[in-house]
Amino acid sequence: MQIASKCRLFHSHFFSIFPQSIKPRNPFSPKIQKNPQFSIYASSSRTFNSSSSSASILARKVLFMAPGVEPEDIKEDMILPGSNIVVGPYAGDAKIKEVEFVKSSNKPKDCPKDERPEFAMLGRSNVGKSSLINALVKKKEVALTSKKPGKTQLINHFLVNKSWYIVDLPGYGFANASEAARMDWSSFTKGYFLNRDTLVSVLLLIDASVPPQKIDLDCANWLGRNKIPITFVFTKCDKMKGGKAKRPDQNIRDFQELIRQNYNHQPPWIMTSSVSGLGRDELLLHMSQLRNYWNNE
Ligand SMILES: Nc1nc2c(ncn2[C@@H]2O[C@H](COP(=O)(O)OP(=O)(O)OP(=O)(O)O)[C@@H](O)[C@H]2O)c(=O)[nH]1
Ligand SMILES: [Mg+2]
């Protein structure tokens, strides 16, 4: 199948429920602990084992159905902790054995052309994109990080296990960038998202230590409108502020509420911390199932 049509197939399924005809290829028995904290669907998860249609409608609304999963088959231990992601039959081979920096591109058309699947890290400047890449690959300085926003300026491709890419992108919403640089950012990155046929999913990073930001909601809505697959990755979940500031889980819930209005089906979301390693293995497992599905279709 041609890459472009393969990609469309993937995208069109992504925002709807996966069709009955997809047969599991890699039988997977999840070794996942019970999902401890997530009250956002805690009340509904009790009903997932029931075969009632209202339970499966609820599951469809709140959970991310991985490829090959039917709502009526979901059990609580198939949901990744700290996320709404159901693990399905395509999950596996999530280990990172090697990673190498391949190239920096300043135009989407200069990106690698070898048709390997890729995941792009997107988010506000300073949200923790480069730190998350380092946490995923367990190396300190694969992607350069900084306390000052605006560190990453180009499209950087990192090749993992010689078979797929993680892409580090410049952050958006960097107030100190010149007007010209900000305009450039949007045409340059929008061009990348709209034309990159090998893009499996955008990982849209959202800082969970602050309340929902309009710029993140606008970005999520733009991606949704353009049918670009998205996973919300909440960062800095280790940051517990004192006083009246809201905790990460409250900020995440507020963000979900705002997003829910614009999506028929809840996109996948997951809590992470590059400091404590929270969500690392779970995110890699999620990426494996999207990648394996992409590779197999
Ligand atoms: N507490 C905490 N701090 C984090 C976490 N992730 C990143 N940081 C800090 O946030 C700052 C920005 O991190 P980067 O990874 O450089 O952010 P970025 O999104 O790549 O930023 P740009 O390249 O400017 O777009 C650094 O000081 C990191 O140490 C996290 O999970 N927890
Ligand atoms: Mg960066």
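For the structure itself, consult the block above.
Residues numbered from 1 in each chain as written. Chains lettered and ligands numbered in written order. Predicted model: local features only at pLDDT ≥ 70, side-chain atom pairs only at ≥ 80, totals over all residues.

> Is there a simple way to explain the overall build of the protein in this structure?
Within the protein one finds eight helices and seven strands. Counting over 297 residues, the protein shows a buried share of 40%. Residue pairs in contact within the protein that sit at least 24 positions apart in sequence constitute 73% of those at least 6 positions apart. (Helix = DSSP H or I, 4+ residues; strand = E, 2+ residues; numbered from the N terminus. Buried ≥ 20, exposed ≤ 12 C-beta atoms within 10 Å, placed from the backbone. Contact = placed C-beta atoms within 7 Å.)

> What's the story with helix H8 (residues 280-296) in this structure? I'm lost.
Residues separated by three or four positions in an α-helix point in the same direction, a consequence of the helix having 3.6 residues per turn. Taking 1.5 Å of rise per residue, the 17 residues of H8 would be expected to cover 24 Å, and the 24 Å separating its terminal C-alpha atoms lies within 8% of that figure. A large share of H8 lies buried, amounting to twelve of its 17 residues. For H8, the complete set of buried residues consists of Glu-282, Leu-283, Leu-285, His-286, Met-287, Ser-288, Gln-289, Leu-290, Arg-291, Asn-292, Tyr-293 and Trp-294. (Expected span 1.5 Å × (residues − 1).)

> Would you mind going over the environment of Leu-80 with me for this structure?
With respect to the helices and strands, the residue Leu-80 is situated in the loop between helix H3 (53-62) and strand S1 (99-105). Residue Leu-80 is classed as buried on the basis of its C-beta count, with 26 C-beta atoms lying within 10 Å. Distance in space between the C-alpha atoms of Leu-80 and Ile-252 is 16 Å, their sequence separation being 172 residues.

Function-wise, these values are silent; they only describe arrangement.
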